[in-house]
Amino acid sequence: MYRSHNCGVLRASDIDKKVTLAGWVQKSRDKGFIIWVDLRDRYGVTQLVFDEERTSKALLEQARELGREFVIQVTGTVVERDSKNPNMDTGDIEILVSEFTILNAALTPPFTIEDTTDGGEDIRMKYRYLDIRRNPVKNSLIFRHQVGMQVRNYLSTEGFIEVETPYLIKSTPEGARDFVVPSRMNEGQFYALPQSPQTFKQLLMVGGMDKYFQIVKCFRDEDLRADRQPEFTQIDCEMAFVEQEDILNIFEGLTRHLLQEVKNVTLGDFPRITYAEAMQKYGNDKPDIRFGMEFGELNAVTQHKEFKVFNSAELVVGIAVPGGNAYTRKEIDKLIDWVRRPQVGALGMVYARCNDDGSYKSSVDKFYDQEDLAKWAEVTGAKPGDLICVLSGDTLKVRTQLSALRMELAERLGLRNPEEFAPLWVVDFPLLEWDEETERYHAMHHPFTSPKPEDLPLLETKPGEVRANAYDLVLNGNEIGGGSIRIHDKETQALMFDYLGFTPEEAREQFGFLMDAFQYGAPPHGGIAFGFDRLVAILGGQETIRDFIAFPKNNSGRDVMIDAPADLDTAQLKELSLKLDRQ
């Protein structure tokens, strides 16, 4: 037995017990006549003590050999600490060591293994196994486990069955790029790693499984950012004999359950808005509703004067920044520079101050009088003391630009409290979106999404106006889940493939197995997938997912710890019938 107790469990009630502990040396303090050592394991830290009066000379000298991160086993007696540490769970006691063994010596680590470390991100990624010893990362991984357990508990209680689906599947042309895997036994052919288990979970519904879920790895070969990794985890779910309302109720319940059990936060019903409303009010389809600053469309109250910038714009739109009138001219100029950055792309910004006395002062006073500016305030909901920020241009571009400004201002004003949770459903997405490059429609979600039944006739005449029977769950400005009611008959699915530009032969080659299955009694079905990494990060008060993944990739998609991806040797390439030009 390496240990009788862990390093986080002993208390004053254990004084005089003889115990055995094992763990890593976090630090030691040698005062000559006495040595203290902090011993750490996953559960906490316990102080060890060696002193001249109670410890043999040999043991005292042996303790002096201990370095940071040595792995040791100690046996000793629990004693009361002279100087108690209220910041430690074990701060009332220490272990008077009677014997110990060095289980493994350690090199000096390249950064300190403490909550606040001196290691930069790159070095910590390279030595990730050391970074995991630090409480922030360790606790994030434990938190991820707790969320996963609650997901399984809730869905199991609701009658869902967890089923594993294949990782080696067929590549399909829709969606992001696939990671491909060469087949040694089938020369010149390739598997793909799944971007999601979409078709398999639909086949499970055809198979009568009724309620399926899986916490599953998925893979997408796409550009990375803070909330995206090449391999990620989904809570993947599907239900048969359901309509949209059934799915929203079940997974609203899951989200409410997670927040209650993990964060002790009680939520009421989730608001619902349409995609069109989200774009009009917030400029994006995943709005953060923890704060206001809803868009006010100003065309009617700005395009009646001689200001050409507004008159030539497809959309003039503004937001009221609470307390923004306190900004100096220099601070406002910096905001204008911010929206002009290439990442945002606005040509400029017009502003109007709402003074405490009810008067207004704008950057376009030459064109607009007090009565005009009062109408701006009315449309944007601005109050005395606020600042109205106005952008103009093409509708889609200017909404995106103002959405970016809204989020930036909310961050600066401290309106995005990570311990406040504001979920909502976004529904009625467009089924199709036009791609200028390919000059054809693409599925906004995926080609298996059902159109709204009442919009089905529009597929023939106005495909761009057809709404999808789809829904996204948004939490604090992040899409945490999305899904749809699926097409479950061969004819509608064939029509959908036709509008997406597939020839009948291409559709047959790619998805013939699914269309065949629909001929054997496919039930009405639908589902949803949650981004598990992102969900865990948001519940944990963060918006970056990396610390909630044990071994993440960097922004170049590399694992710098094991140096992957890496070259294959010539023999492996030959065995796989692959040739690479490495010149």
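All values reported here derive from a predicted model rather than from experimental measurement. (Residues numbered from 1 in each chain as written. Predicted model: local features only at pLDDT ≥ 70, side-chain atom pairs only at ≥ 80, totals over all residues. Heavy atoms only, no water.)

K.L.:
What's the story with the overall build of the protein in this structure? I'm lost.
P.N.:
Scanning the protein from N- to C-terminus turns up 17 helices and 22 strands. Relative to its 583 residues, the protein shows a buried fraction of 49%. Restricting to contacts in the protein with at least 6 residues of sequence separation, those with at least 24 account for 65%. When the accessible surface of the protein is split by element, carbon and sulfur atoms take 49% of a total near 29100 Å². (Helix = DSSP H or I, 4+ residues; strand = E, 2+ residues; numbered from the N terminus. Buried < 20%, exposed > 50% of the residue type's maximum accessible area, 1.4 Å probe, protein only. Contact = heavy atoms within 4.5 Å. Areas by Shrake-Rupley, 256 points an atom, 1.4 Å probe, with all protein chains shown as cover.)

K.L.:
Explain helix H15 (residues 504-518) here, please?
P.N.:
Three or four residues apart is the spacing at which side chains of an α-helix point the same way, because the helix has 3.6 residues per turn. Between its first and last C-alpha atoms H15 spans 16 Å; for 15 residues at 1.5 Å apiece the expected length is 21 Å, and the helix comes up short by more than 12%. Largest kink in H15: about 85 degrees, centred on Phe-511. Listing the buried residues of H15 in full gives Ala-507, Gln-510, Phe-511, Gly-512, Leu-514, Met-515, Ala-517 and Phe-518. The secondary structure elements touched by the buried residues of H15 are helix H5 (198-206), helix H14 (490-499) and strand E22 (525-531). (Expected span 1.5 Å × (residues − 1). Bend = angle between axes of the 7 residues up to and from the residue.)

K.L.:
Would you explain the sheet that holds E22 in this entry?
P.N.:
Strand pairing in a sheet relies on backbone hydrogen bonds. The paired strands run either parallel or antiparallel. One open sheet holds the eight strands; their spatial order is E6-E9-E10-E22-E21-E20-E17-E11, and the pairing between them is mixed. In this open sheet, the two strands that pair with only one neighbour each are strand E6 (161-162) and strand E11 (272-274). With nine bridges joining them, strand E9 (residues 211-219) and strand E10 (residues 231-240) adopt antiparallel strand pairing. Bridge pairing in E10 links Phe-219 to Glu-231. (Pairing = 2+ DSSP bridges.)

K.L.:
In this structure, what is going on with helix H12 (residues 395-412)? I would like to understand it.
P.N.:
Given a rise of 1.5 Å per residue, 18 residues ought to cover 26 Å, and the 26 Å separating the end C-alpha atoms of H12 matches this to within 8%. When we look at burial in H12, the residues that qualify are Thr-395, Val-398, Arg-399, Gln-401, Leu-402, Ser-403, Leu-405, Arg-406, Met-407, Leu-409 and Ala-410. Note on H12: the residue one or two positions beyond its end, Gly-414, has a positive phi of about 70 degrees.

K.L.:
Whenever I open this one, the side chain of Gln-73 confuses me. Can you help?
P.N.:
Relative to the assigned elements, Gln-73 resides in strand E4 (residues 71-80). In this structure the side chain of Gln-73 is engaged in a polar contact, spanning 3.4 Å, whose partner is the backbone oxygen of Met-1. Separated by 3.0 Å, the side chain of Gln-73 and the backbone oxygen of Tyr-2 make a polar contact. Apart from residues lying up to four places away in sequence, Gln-73 is in contact with Met-1, Tyr-2, Thr-20, Leu-21, Ala-22, Glu-99, Phe-100, Thr-101 and Leu-103. (Polar contact = N/O pair within 3.5 Å; in protein donor to acceptor, adjacent residues only side chain to side chain.)

K.L.:
Teacher, can you tell me more about the sheet that holds strand E5 (residues 93-104) here?
P.N.:
The mixed closed barrel is built from five strands, whose spatial order is E1-E2-E3-E5-E4. This sheet shows a mean twist of 55 degrees between the axes of neighbouring strands, independent of strand direction. Bridge analysis of strand E1 (residues 18-30) against strand E2 (residues 34-41) gives six bridges, and the strand direction is antiparallel. Across the sheet, Ser-28 pairs through a bridge with Val-37, a residue of E2. (Axes fitted to C-alpha atoms, helices over the stretch in contact; angles between N-to-C directions.)

K.L.:
Is there a simple way to explain the pairing of strand E20 (residues 470-475) in this structure?
P.N.:
With respect to burial, E20 is a largely interior element, six of its six residues being buried. Burial along E20 is two-sided: the face carrying Ala-470, Asp-472 and Val-474 and the face carrying Tyr-471, Leu-473 and Leu-475 are both buried. Pairing of strand E17 (residues 423-427) with E20, which is carried by five bridges, proceeds in the antiparallel orientation. What sits directly across from Val-427, in E20, is Tyr-471. One ladder, built from six bridges, connects E20 with strand E21 (residues 478-485); its direction is antiparallel. By the bridge assignment for E21, Val-474 is matched with Glu-479. Counting the residues in the hairpin turn of E20 and E21 gives two residues, including Asn-476, whose phi is positive at 55 degrees.

K.L.:
Can you help me understand the pattern of salt bridges in this one?
P.N.:
Oppositely charged side chains can pair when the atoms bearing their charge come close. What the rule picks out here adds up to 40 salt bridges. Arg-29 is the salt-bridge partner of Asp-38, the closest N and O atoms lying 3.5 Å from each other. For Asp-38, a relative accessible area of 7% corresponds to the buried category. A salt bridge links Lys-201 to Asp-236; the nearest nitrogen and oxygen atoms lie 3.0 Å apart. (Salt bridge = Lys/Arg side-chain N within 4 Å of Asp/Glu carboxyl O.)

K.L.:
Just to check I follow, could you spell out the packing of helix H4 (residues 135-157) against helix H6 (residues 244-263) for this structure?
P.N.:
The N-to-C vectors of H4 and H6 enclose an angle of 135 degrees; their axes lie 10 Å apart at closest approach. Compared by their axis directions, H4 and H6 come out oblique. Crossing hand, H4 versus H6: right-handed. Where H4 abuts H6, its residues Phe-143, Val-147, Gln-150, Val-151, Tyr-154 and Leu-155 lie against Ile-250, Phe-251, Gly-253, Leu-254, His-257, Leu-258, Glu-261, Val-262 and Lys-263. Looking at the contact of H4 with H6 residue by residue, the class counts come to ten nonpolar, three polar and two charged. (Parallel < 35°, antiparallel > 145°, perpendicular 65-115°, else oblique. Left-handed = near helix turned anticlockwise from the far one by under 90°. Nonpolar A, V, L, I, M, F, W, Y, C, P; charged D, E, K, R; others polar.)

K.L.:
Got a minute to help me understand a nonpolar patch on the surface in this structure?
P.N.:
A contiguous nonpolar patch, built from Tyr-167, Leu-168 and Tyr-191 and spanning about 270 Å² of accessible area, is present on the exposed surface. Within the secondary structure, Leu-168 sits in the loop between E6 and strand E7 (180-182). (Patch = residues over 30% accessible without salt bridge, like charges linked within 9 Å, V, L, I, M, F, W, Y side chains within 5 Å.)

K.L.:
Before we go on, may I ask you to explain the packing of aromatic side chains in this structure?
P.N.:
The description of an aromatic ring pair uses the distance of the two centres, along with the angle that the planes make with each other. Enumeration according to the criterion identifies 19 aromatic pairs in this entry. Here Phe-307 and Phe-367 contribute two aromatic rings whose centre-to-centre distance is 5.0 Å and whose plane-to-plane angle is 40 degrees, an arrangement assigned as tilted. Placement of Phe-307 in the loop between helix H8 (299-302) and helix H9 (308-311) and of Phe-367 in the loop between strand E15 (360-362) and helix H11 (370-380) is noted, with a sequence separation of 60 residues between them. Exposure remark for Phe-367: the relative accessible area of 26% places this residue in the partly exposed category. Centre to centre, the rings of Phe-497 and Phe-511 are 5.0 Å apart; their planes meet at 10 degrees, and the pair counts as stacked. Here Phe-511 lies in helix H15 and Phe-497 lies in helix H14, a separation of 14 residues in the sequence. Looking at Phe-511, the relative accessible area reads 3%, which means it is buried. (Phe/Tyr/Trp six-rings, centres within 6.5 Å; stacked < 30°, edge-to-face > 60°.)

K.L.:
Can you walk me through the environment of Gly-253 in this structure?
P.N.:
Its place among the elements puts Gly-253 in helix H6. According to the relative accessible area criterion, Gly-253 is buried, its value standing at 12%. Between the C-alpha atom of Gly-253 and that of Glu-465, which follows or precedes it by 212 residues, the distance is 31 Å.

K.L.:
Explain the nonpolar core here, please?
P.N.:
One broad rule of soluble globular proteins: the nonpolar side chains tend to lie buried together. If you look at the biggest cluster of nonpolar residues, it comprises 40 residues, and the most contacted ones within it are Leu-155, Phe-251, Trp-425 and Phe-530. With residues up to four places along the chain from it excluded, the contact list for Trp-425 reads Leu-248, Phe-251, Glu-252, Phe-270, Pro-271, Arg-272, Ile-273, Tyr-471, Asp-472, Leu-473 and Ile-528. Judged by nonpolar contacts, the second largest core, of 30 residues, contains Ala-470, Phe-502, Ala-507 and Phe-518. (Core = buried A, V, L, I, M, F, W, Y, C linked by side-chain atoms within 4.5 Å.)

K.L.:
Looking at this structure, I do not really get the pairing of E9. What am I missing?
P.N.:
On any regular strand, side chains alternate: one points to one face of the sheet, the next to the other face. Within E9, eight of the nine residues are buried, leaving the element largely enclosed by the surrounding structure. Of the pairings in the sheet, the one linking E6 to E9 comprises two bridges and is parallel in character. Residue pairing across strands places Ile-161 opposite Tyr-212, the latter belonging to E9.

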